[in-house]
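Analysis of the macromolecular model
Here are the chains, one letter per residue:
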Amino acid sequence: MPPPRVRNDWDVIPSPLAQNTHNPIREIVENLHLEPNSDKPMIALSIGDPTVFGNLGPPPEAVRAVADALEAGRCHGYAPATGHEAARAAVARYVLPPVAGRDVVLCSGCSGALDMALAALAGPGRHVLVPCPGFPLYRTLLEGLGAVARPYELRPERGWEADLEDLARKMDADCAALVVCNPSNPCGSVMSRAHLRALLRLAAARRVPIIADEVYERMSFARPFNSLAALSRDVPVLACGGLAKRFLAPGWRVGWVIMHDRGDVLERAGVRAALQRLAQRTLGCTSLVQAALPAILGADHSKFFQDTLDTLQRHACAAHAALSVVPGLAPVMPQGAMYMMVGVSLERFPALRSERHFVERLVAEESVFLLPGQCFDYPSYVRLVLTAPEDMLLEACARIAAFCTRYYLLKSCDDTEEEAQARAEA
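Residues numbered from 1 in each chain as written. Predicted model: local features only at pLDDT ≥ 70, side-chain atom pairs only at ≥ 80, totals over all residues. Heavy atoms only, no water.

Considerations on the overall build of the chain
What the chain contains, in helices and strands, is 16 helices and 14 strands. On C-alpha atoms alone, the chain measures out to a radius of gyration of 23 Å, which is about the 22 Å that the 2.2 N^0.38 rule sets for 426 residues. Its C-alpha atoms put the chain at 75 × 65 × 50 Å along the principal axes. Here the chain holds 426 residues, and the buried ones make up 54% of them. Once local pairs closer than 6 in sequence are excluded, the contacts in the chain between residues at least 24 apart make up 73%. Of the accessible surface of the chain, which amounts to about 19000 Å², a share of 51% is contributed by carbon and sulfur atoms. In the chain, 43 side chains carry a positive charge and 47 a negative one; their mean positions are 8 Å apart. (Helix = DSSP H or I, 4+ residues; strand = E, 2+ residues; numbered from the N terminus. Rg over C-alpha atoms; globule rule 2.2 N^0.38 Å. Buried < 20%, exposed > 50% of the residue type's maximum accessible area, 1.4 Å probe, protein only. Contact = heavy atoms within 4.5 Å. Areas by Shrake-Rupley, 256 points an atom, 1.4 Å probe, with all protein chains shown as cover. Lys, Arg positive; Asp, Glu negative; His and termini not counted. Charge placed at Lys NZ, Arg CZ, Asp CG, Glu CD.)

Quick look at the UniProt feature "domain: Aminotransferase class I/classII large" (unreviewed entry) in the chain
Sequence positions flagged by UniProt for "domain: Aminotransferase class I/classII large" (unreviewed entry) are, in local numbering, residues 41-400. Between the C-alpha atoms that bound residues 41-400 the distance is 14 Å, and the span itself is 39% helix and 18% strand. (UniProt positions renumbered as here; feature names shortened; annotations may be inferred.)

Here we look at the pairing of strand β2 (residues 104-107)
Where burial is concerned, the two faces of β2 agree: the one with Val104 and Leu106 and the one with Val105 and Cys107 are both buried. Bridge analysis of β2 against strand β9 (residues 255-260) gives four bridges, and the strand direction is antiparallel. Pairing of Leu106 across the sheet is with Trp256, part of β9. (Pairing = 2+ DSSP bridges.)

With respect to the layout of surface pockets
A volume near 750 Å³ is recorded for the largest pocket. The wall of the largest pocket is formed by 30 residues, among which Arg26, Gly48, Phe135, Asn185 and Lys245 lie closest to the centre. Breaking the lining of the largest pocket down by element, the ones donating at least two residues are α2 (24-30), α5 (109-121) and α6 (137-145). With four residues, α5 is the single largest residue contributor to the lining of the largest pocket. Across the lining of the largest pocket, the residue classes break down as 17 nonpolar, seven polar and six charged. Taken as a whole, the second largest pocket encloses approximately 370 Å³ of empty space. Taken together, 16 residues line the second largest pocket, and the ones lying closest to its centre are Gly112, Asp115, Met116, Ala119 and Arg281. Looking at the lining of the second largest pocket, the elements with two or more residues in it are α5 and α6. Within the lining of the second largest pocket, the residues separate by chemical class into seven nonpolar, seven polar and two charged. (1 Å grid on protein atoms, 1.4 Å probe; cavity = no way out; pocket = protein on both sides within 12 Å on 5 of 7 lines; lining within 4 Å. Points joined across faces, edges and corners; volume = space filled by probe spheres on them. Nonpolar A, V, L, I, M, F, W, Y, C, P; charged D, E, K, R; others polar.)

Brief notes about the sheet that holds β2
Sheets are built from strands that pair by backbone hydrogen bonding, the pairs being arranged parallel or antiparallel. In spatial order, the strands read β2-β9-β8-β7-β6-β3-β4-β5; together these eight strands make up an open sheet with mixed pairing. Taken across any chain shown, the strands that pair with only one partner, and hence form the sheet edges, are β2 and β5 (161-162). In terms of strand pairing, strand β8 (residues 237-242) meets β9 through six bridges, oriented antiparallel. When the bridges of β9 are listed, Leu238 appears paired with Met259.

What to know about the packing of aromatic side chains
The geometry of an aromatic ring pair is captured by two quantities: the separation of the ring centres and the angle between the planes. Summed over all chains, the structure comprises 13 aromatic pairs. Relative to Phe247, the ring of Tyr94 has its centre 6.0 Å away and its plane inclined at 55°; by these criteria the two rings are tilted. With Tyr94 in helix α4 (residues 85-94) and Phe247 in the loop between β8 and β9, this residue pair connects regions lying 153 residues apart in the sequence. Aromatic side chains Trp160 and Tyr378 sit 5.6 Å apart centroid to centroid with 70° between the ring planes, which places their arrangement in the edge-to-face category. (Phe/Tyr/Trp six-rings, centres within 6.5 Å; stacked < 30°, edge-to-face > 60°.)

Here's the deal with the environment of Asn23
Within the secondary structure, Asn23 sits in the loop between α1 (16-20) and α2. Accessibility expressed as a relative area gives 32% for Asn23, which makes it partly exposed. Distance in space between the C-alpha atoms of Asn23 and Leu309 is 30 Å, their sequence separation being 286 residues.

Quick look at empty space enclosed by the protein
Scanning the entire structure with this criterion turns up four cavities of 30 Å³ or more. A volume near 130 Å³ is recorded for the largest cavity. The wall of the largest cavity is formed by 15 residues, among which Val95, Leu96, Glu214, Glu217 and Trp256 lie closest to the centre. Those elements that provide at least two residues to the lining of the largest cavity are β8 and β9. Ranked by residue count, the leading element in the lining of the largest cavity is β8, at four residues. Classifying every residue of the lining of the largest cavity gives eight nonpolar, four polar and three charged. One number sums up the size of the second largest cavity: a volume of about 50 Å³. Lining the second largest cavity are Arg218, Met219, Arg246, Phe305, Thr308 and Leu309. In the lining of the second largest cavity, the residues fall into three nonpolar, one polar and two charged.

Following this line, the structure appears as C-alpha cells:
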C-alpha cells in the first residue's frame, strides 16, 4: 500500500452545496443602502413574520397545549425521524383532504418541508417550474441540489393566475415537478377552483407531479381556498404546510410534507422511501410542539381564524384604498395570505433608477421599508406586509404617498421639494 498523501498546506474547500446556495432576498437586502430618517420611527413592512409587531400571535389554546406538553415532561427526547405517530395522525386528520398518518412527514417548519419535497424529486439535470413572482427559497433550495428553478409567469392583470401557455411551453420531459404556491407569497392571491383544475389538467397531460406550497392554506378572505390535493384525481401532490402562518407561530418550527398519491405514482417511484431517508438527516421538528400537536390541531380555533382573516382583510382594504390614489403606484388587491404587491411606474419617477432605488430613498426619507420586487424575480414592483397594526400600516401608506408625491415626475434627486410639489400639482 502506498504511503498516504500528505498535504503541505491547508486544503479546505467549501462543498458544492454550500457554494451553490444563496438567498436572493438576503443578497439583495444586504446590498441595499438603508439609512432611515432619524426623525421618523422605522416601519418595516418587509418581514413575513406575522408576530413581529406584537399585535398578532398564536391562539391561547395552542399556547396552553405547548405549556401542558412541557409540564408533562414526556417530550425531552428525540422523536422518530418522520415524527411521533400521534402527531402525524393529528396532522393527517387536520389537512385537506384527510390522509393516513403514514402519509405525513413532520419537518422543521414549512421551509424544511419544501426542502424535503424538492430534494425527493429534483436533482442535477432536472428543472422544477416555480412561480414568478415567487418565494425565492425555491431557487435557493434547487440550486443547492444542482437542479434548475425555471420560472413560469403569474399575471397581475388576471389576479396573479398562471399563464398556462407559458407554463405548457416549459413543462418538458426534464421537468421534475411543478411548484404551486396558493395562497401566494408574495402576491396575496388565491387561485380559483377553475384555475387550479386547469393546472391539474396540464400536469396530468404532461405527467408532472405537483409540490403544493400551502403554508397559507385557508387564509383566504376574498374567495374560497381549495386544496390542490382535494381537486386532483390523477396528479400526485406533495403538499407542504405548517403552523407558521395560519396559527401565527413561525418560531415553533413545525411543518409537514403530505403525500397525496394518485395511482400509486409516488409509491412506485420510491418517493415515500425517499422522504423517510431524507427525514433521517435532521430527525424532524421539535419534540415539544409535536407532543402538543394533537391538542393544537384538535381544538376549535374557528373564532381565532376568522378574527385573523377579518384583520388581514381590513388591513388589505385600507392599504389598497390609500395607495390606489397615489400617483405612479398600482396596488393589486390581495385575496388572502398577508401580502400586497404594488406596481411602481418608474417612468413616472425619472429621478429613481429602479424599484431598489425607490426602496432605498423611501427608507432614507420616510423610514418605511418595503421589499423590492427583484427579491421575487419581479422588477418594477414592491411587496408590503399587511400584519402591522392598522394605525401603523396607514401611517406607512401616508408616508409612501408623501414620498411618491415629491418624486412624481421629478427629474433629479437634487431638485428642491418645492419644485417637486409644483410638478406633482401640475
